[in-house]
Amino acid sequence: MKASAVANSNIALAKYWGKRDAKLMLPHNSSISMTLDGLFSHTTCEFDGKYRSHIVILDGAELPEGDAKQEVTIQLDVIKEMAKIKEFAKVVSNNTFPTAAGLASSASGLAALALAGSKAAGLELGKKELSILARRGSGSASRSVYGGFVEWQKGVKSDGSDSHAVQIADENYWKDFRMVVCIASKKEKKIKSRAGMAQSVATSPFYKSWIESVESDIDALKKGILKKDLEAVGSTAEHNCLKMYATMISTKPPIIYWNPASMSVIHSVLELRDNGMKCYFTCDAGPQVKIICLEKDSKEIAEMAARIEGVEDVIVSGPGRGAEFVKRDLF
Ligand code: PMV
């Protein structure tokens, strides 16, 4: 059977950085994100006896054996095991955002695959099971199953059955919340998040403090989101990002994702804030800087960011919907 789904990407306000179980993709800490409107993957999956191995075609090109393909095949093998089927799958996935724009396409792609792949294998999964399945491909994908503001609860069980996302507020709750995504480089990053976080857990002297301090950020973010308090959400997210960066920078060998353009954006955000504008920054495992603000200020902020030397592109996005089935198949 063949099935298709779409899922939006997401950006974390409280980051996931470090696993307690690499195979089951279980995190050391809970995380919170916003699902991004309009930045999505469209994925079609078919299991059939005619395929001799899994075939994955991303944005028109077949993925060679390697890390990116492995994220997909691990998830496909989990689906096969759950559905008790032997067939291999063909997966075709397209991203609406520019390929290599430096935005995590794994979150949207693997959330869309959880939906399309499970249906194609004859399974009917609820949102919790879908989030757990998406997690097996990429941790952050567990959050893209839901729309709006989402918490990935780390869970405590060793089988991972309690490590999944839940929705804090849907995409219509805080409609004027915005992220201004500043693309500071479209080059592929040298250190993938998977390898980087494992190295931070193993070598950063600050890793323990990171884990100890995340839970209070989770609490503050949940309260801030429900109160629609931009200052609380923005300042907590910014500080959380800087704490994650402290563990990255103090990793051996060091992980420094920022480039000069990222630094210029960060300084501009601080300057705008000194001048009374409510805006905050957050960054992930790459040089892109995301500016958190309200819709009324997003145009001015986006224009400011576009003028910064080295900023290649600026995308403004608000809270988006969760993953859903679509009728249109890609093959
Ligand atoms: O799920 P992954 O392997 O793409 O890791 C995501 C890591 C960060 O983007 C840095 C943080 C996060 O929670 O999204």
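Residues numbered from 1 in each chain as written. Predicted model: local features only at pLDDT ≥ 70, side-chain atom pairs only at ≥ 80, totals over all residues. Heavy atoms only, no water.

S.K.: I'd like to hear about the site of the ligand, residue by residue, with values.
M.R.: In the vicinity of the ligand lie 13 residues, with Tyr16, Ser138, Ser140, Arg143 and Ser193 positioned nearest. Arg143 is positioned such that a nitrogen or oxygen atom in its side chain is 2.8 Å from an oxygen atom of the ligand. In this structure, Asp284 approaches the ligand through a side-chain N or O atom, which is 3.3 Å from an oxygen atom. For the ligand, whose free accessible area comes to 380 Å², the fraction covered by protein is 92%. Considering only residue class, the shell around the ligand consists of 5 nonpolar, 5 polar and 3 charged. A domain-level breakdown of the shell around the ligand finds at least three residues from each of domain 1 (2–174) and domain 2 (177–317). (Near = heavy atom within 4 Å. Polar contact = N/O pair within 3.5 Å; in protein donor to acceptor, adjacent residues only side chain to side chain. Areas by Shrake-Rupley, 256 points an atom, 1.4 Å probe, with all protein chains shown as cover. Nonpolar A, V, L, I, M, F, W, Y, C, P; charged D, E, K, R; others polar. Domains from an automatic or database assignment.)

S.K.: Tell me about the packing of helix 1 (residues 67–83) against helix 2 (residues 105–120), and please be specific about residues and values.
M.R.: Running from amino to carboxyl end, helix 1 crosses helix 2 at an angle of 25°, the nearest separation of the two axes being 10 Å. Looking at the two axes, helix 1 sits roughly parallel to helix 2. Seen from above, helix 1 lies across helix 2 with right-handed handedness. Only Ser106, Leu110, Leu113, Ala114, Gly117 and Ser118 of helix 2 make contact with helix 1, whose side of the interface consists of Glu71, Val72, Gln75, Leu76 and Ile79. (Axes fitted to C-alpha atoms, helices over the stretch in contact; angles between N-to-C directions. Helix = DSSP H or I, 4+ residues; strand = E, 2+ residues; numbered from the N terminus. Parallel < 35°, antiparallel > 145°, perpendicular 65-115°, else oblique. Left-handed = near helix turned anticlockwise from the far one by under 90°. Contact = heavy atoms within 4.5 Å.)

S.K.: Requested: an account of the sheet that holds strand 13 (residues 313–317), with residues and values cited.
M.R.: The antiparallel open sheet is built from 4 strands, whose spatial order is 11-12-10-13. Of all strands in the sheet, those with a lone pairing partner are strand 11 (280–283) and strand 13, marking the two edges. Strand-to-strand twist across the sheet, computed as the mean angle between neighbouring axes with direction ignored, equals 25°. Of the strand pairs in this sheet, strand 10 (residues 177–183) and strand 13 are connected by 5 bridges, and their pairing is antiparallel. The residue of strand 13 that forms the bridge with Ile183 is Asp313. (Pairing = 2+ DSSP bridges.)

S.K.: Explain the domain arrangement of the chain to me, and be specific about the residues and the numbers.
M.R.: Partitioning the chain into domains gives domain 1 (2–174) and domain 2 (177–317). Each of domain 1 and domain 2 was reduced to a C-alpha centroid, and the two centroids are 23 Å apart. In this complex, domain 1 contributes 33 residues to the contact, which on the side of domain 2 involves 44 residues. The junction of domain 1 with domain 2 conceals about 3400 Å² of combined surface from both sides, 70% of it contributed by carbon and sulfur atoms. One can count 3 salt bridges joining domain 1 with domain 2. Measuring nitrogen to oxygen at the nearest pair gives 2.9 Å for the salt bridge that ties Lys15 to Asp284. Remark: the boundary between domain 1 and domain 2 carries 14 residue pairs in polar contact (both at pLDDT 80 or more). (Buried area = accessible area lost by both parts, 1.4 Å probe. Salt bridge = Lys/Arg side-chain N within 4 Å of Asp/Glu carboxyl O.)

S.K.: Quick one: what's the story with the state of the cysteines, residue by residue and with numbers?
M.R.: Put plainly, two cysteines are in a disulfide when a covalent bond ties their sulfur atoms together. Evaluated as defined, the whole model comprises 0 disulfides. Here Cys241 stays unpaired: no disulfide links it, and the sulfur of Cys283, its closest cysteine neighbor, is 4.3 Å away. What makes Cys241 buried here is its relative accessible area of 0%. Classification of Cys283 as buried rests on a relative accessible area of 0%. (Disulfide = S-S within 2.5 Å. Buried < 20%, exposed > 50% of the residue type's maximum accessible area, 1.4 Å probe, protein only.)

S.K.: Can you tell me about the packing of helix 6 (residues 207–227) against helix 7 (residues 230–249), naming the residues and giving the values?
M.R.: The interhelical angle for the contact between helix 6 and helix 7, taken along N-to-C directions, is 165°, at an axis separation of 9 Å. Compared by their axis directions, helix 6 and helix 7 come out roughly antiparallel. Judged by the twist between their axes, the crossing of helix 6 over helix 7 is left-handed. Taken together, the residues of helix 7 that come into contact with helix 6 (itself represented by Tyr207, Trp210, Ser213, Val214, Asp217, Ala220, Leu221, Gly224 and Ile225) are Ala232, Val233, Thr236, Ala237, Asn240, Lys243, Met244 and Thr247. Its residues assigned to classes, the contact of helix 6 with helix 7 comprises 10 nonpolar, 5 polar and 2 charged.

S.K.: Break down the side chain of Thr44 for me, with residues and values.
M.R.: By secondary structure assignment, the location of Thr44 is in strand 4 (residues 31–48). One polar contact links Thr44 to Ser4, side chain to side chain, over a distance of 2.7 Å. Each residue touching Thr44, except ones within four places of it in the same chain, is listed here: Lys2, Ala3, Ser4, Lys90, Val91, Val92, Arg328, Asp329, Leu330 and Phe331.

S.K.: So, the packing of aromatic side chains: which residues are in play, and what are the values?
M.R.: Evaluation of the coordinates by the stated rule reveals 5 aromatic pairs. Each ring, one from Phe149 and one from Phe177, has its centre 5.2 Å from the other, and the planes form 90°; the classification is edge-to-face. Highlighted residues: Phe149 in strand 8 (residues 149–153) and Phe177 in strand 10, separated in sequence by 28 residues. Here Phe149 and Phe177 have matching classes, each one buried. For the pair Tyr245 and Trp258, a centre-to-centre distance of 4.2 Å together with 15° between the ring planes defines the contact as stacked. Placement of Tyr245 in helix 7 and of Trp258 in the loop between helix 7 and helix 8 (260–274) is noted, with a sequence separation of 13 residues between them. Feature note: the residues Phe149, Trp174 and Phe177 constitute an aromatic cluster, connected by ring pairs. The lysine or arginine in question, Lys90, covers the ring of Phe331, its NZ or CZ lying 4.5 Å from the ring centre. (Phe/Tyr/Trp six-rings, centres within 6.5 Å; stacked < 30°, edge-to-face > 60°. Lys NZ or Arg CZ within 6 Å of the ring centre and 35° of its normal.)

S.K.: Please provide a residue-by-residue account of the pairing of strand 7 (residues 88–95), values included.
M.R.: Two faces, one strand: in a regular strand the side chains alternate between the faces of the sheet. Of all 8 residues in strand 7, 6 are buried, a share of seventy percent or more. Bridging between strand 5 (residues 55–58) and strand 7 involves 4 bridges; their strand directions are parallel. Looking across to strand 7, one finds that Val56 is bridged to Val91.

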